[in-house]
2 protein chains.
Amino acid sequence: MSFFSRKMDYALLVLSHLHGNPDGSSAREISAKFSISRPFLANIMKTLCHHGYLSSHRGVHGGYVLIRKPEDIALADIMQSLDEPFHLTDCSKDIEKQTCSARNFCPIRTGMSGVHDRIRTILKDVTLAEILDPTIRPSISRQFGLELVSHGTHK
Amino acid sequence: MSFFSRKMDYALLVLSHLHGNPDGSSAREISAKFSISRPFLANIMKTLCHHGYLSSHRGVHGGYVLIRKPEDIALADIMQSLDEPFHLTDCSKDIEKQTCSARNFCPIRTGMSGVHDRIRTILKDVTLAEILDPTIRPSISRQFGLELVSHGTHK
DNA sequence: TTGAAATGGTACTAATTTAGTTCTATTATT
DNA sequence: AATAATAGAACTAAATTAGTACCATTTCAA
């Protein structure tokens, strides 16, 4: 299985397309452009609208318009709106609920939590703006709370 | 769904447990310790053995022994051995095979590839050694080819 | 005023993947 | 000879994802 669900993937296509079409677009148009199931895409767009990414209007010339700024839409947000928040393993829920029987002696608990944080940081840090224009990367320094100095001799 | 499958999670438990038990351990022991389905865990251990992480010996006092160094076992390796290599979206395969109909005008292709690389870098960089001892992190500088300077004023 | 094209909402179904089981064979120890 | 382990393969069940279907409402235009 892929890390991103198809819903997630299609949502990014939708948001990107709408960013390039400020006057809006319909599910029909987008499904045709990318050869995607129309009713499936329509459901995704309903969800995106419901979560405040898009505004809609009905009727013959209806459709959706992107109403949030690309730089304010993080991958983690979209993920949470469409599927569920990111988590590394099943057992993270058990640990939170304190029902994990190995909680007190789990040899990987701390280490996994570190990996979890590193991936989550990427998801919270990368926005639609960066997906649209990958040359913009305001991310690394924020990501680690560190200052970066380029390393001339590194191959 | 979780990022790591249960197989992946259990495999990390197995590897960690065996690292702490250099004389080896059996599927029975480990399944009992962590309250995990024995036959399921047994299958996972067979796979780990098959892929060269463990050596096995049969018989009454048989079991498995960890034969690879923790610092040489990256998360990406385990993932590939048990499930499949990491990929961000379904369509990455289409793009590779050049069967993606939107290949030439996909607005998110490049951006997504950047995200893919960043996550994959983590998976290739984090080893069992780091999972076992999270204070050891030889990773960030290698990860970005940059030199890190701590930033005193950052909150 | 009627028909077409759009979204809104909900429920349902099909396909796929993951998780787990079962069975038989082989090996080693006591 | 009994027991406890791995080896290997095939199978089943549960859960998740992907996708449909239906009906209602809104809007526009002929």
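That block above? That's the structure.
Calculation rules
Just so you know, the residues in each chain are numbered from 1, in the order the chain's sequence is written. Ligands are numbered from 1 and chains lettered from A, in the order in which they are written. It should be noted that, the model being predicted, local features are given only for residues of pLDDT at least 70 and side-chain atom pairs only at 80 or more, the latter also being counted only at that level, while totals for whole chains, interfaces and linings use all residues. Put simply, DSSP marks the helices as runs of H or I at least four residues long and the strands as runs of E at least two long, and each gets a number from the N terminus on. Buried means a residue has 20 or more other C-beta atoms within 10 Å of its own C-beta, exposed means 12 or fewer, and partly exposed covers the counts in between; C-beta atoms are placed from the backbone. Residue pairs qualify as contacts under a 7 Å threshold applied to their C-beta atoms, which are placed from the backbone. In this analysis, residues qualify as near a molecule or strand once their C-beta atom, positioned from backbone atoms, comes within 6 Å of it. Under the grouping applied here, Gly and all other residues not named as nonpolar or charged are polar, the nonpolar ones being Ala, Val, Leu, Ile, Met, Phe, Trp, Tyr, Cys and Pro and the charged ones Asp, Glu, Lys and Arg. What a helix is expected to span follows from its residue count: subtract one and scale by 1.5 Å.

Chemist: What exactly am I supposed to notice about the overall build of chain A here?
Modeler: Within chain A, the secondary structure is distributed over eight helices and three strands. Reading chain A from its N terminus to its C terminus gives the helix and strand order α-α-α-β-β-α-α-α-α-α-β. Across the 155 residues that make up chain A, the buried fraction comes to 26%. In chain A, once contacts between residues fewer than 6 apart in sequence are set aside, the share between residues at least 24 apart is 57%.

Chemist: Looking at this structure, I do not really get the protein's contact with DNA strand D. What am I missing?
Modeler: Around DNA strand D sit 29 residues, and of these Ser5, Ser37 and Gly59 of chain A together with Met1 and Ser56 of chain B come closest. Take the surface near DNA strand D: its biggest share by element is five residues, from helix α3 (residues 38-50) of chain B. Split by residue class, the surface near DNA strand D holds nine nonpolar, 13 polar and seven charged.

Chemist: Explain helix α1 (residues 6-20) of chain B here, please?
Modeler: Turn by turn, an α-helix covers 3.6 residues, leaving residues three or four places apart pointing in a common direction. The terminal C-alpha atoms of α1 of chain B lie 21 Å apart, and with 15 residues this matches the ideal 21 Å at 1.5 Å per residue to within 8%. Three or more residues of α1 of chain B are buried, namely Asp9, Tyr10, Ala11, Leu12, Leu13, Val14, Leu15, Ser16 and Leu18 of chain B.

Chemist: Is there a simple way to think about the protein's contact with DNA strand C in this case?
Modeler: DNA strand C sits among 28 residues. The nearest are Met1 of chain A together with Ser5, Ser37, Pro39 and Gly59 of chain B. Those elements that place two or more of their residues in the surface near DNA strand C are α2 (27-34), α3 (38-50) and β2 (63-66) of chain A together with α1 and α3 of chain B. It is α3 of chain A that provides the largest number of residues to the surface near DNA strand C, a total of five residues. Grouping the constituent residues of the surface near DNA strand C by class yields nine nonpolar, 13 polar and six charged.

Chemist: Help me understand the environment of Lys7 of chain A, please; the structure alone is not making it clear to me.
Modeler: Residue and element names in this part refer to chain A. With respect to the helices and strands, the residue Lys7 is situated in helix α1 (residues 6-20). For Lys7 and Ser35, which are 28 residues apart along the polypeptide, the C-alpha to C-alpha distance reads 14 Å. Once you skip the residues sitting within four places of it in the chain, Lys7 turns out to touch Ile44, Leu82 and Asp83.

Just geometry here; none of it tells us what the structure is for.
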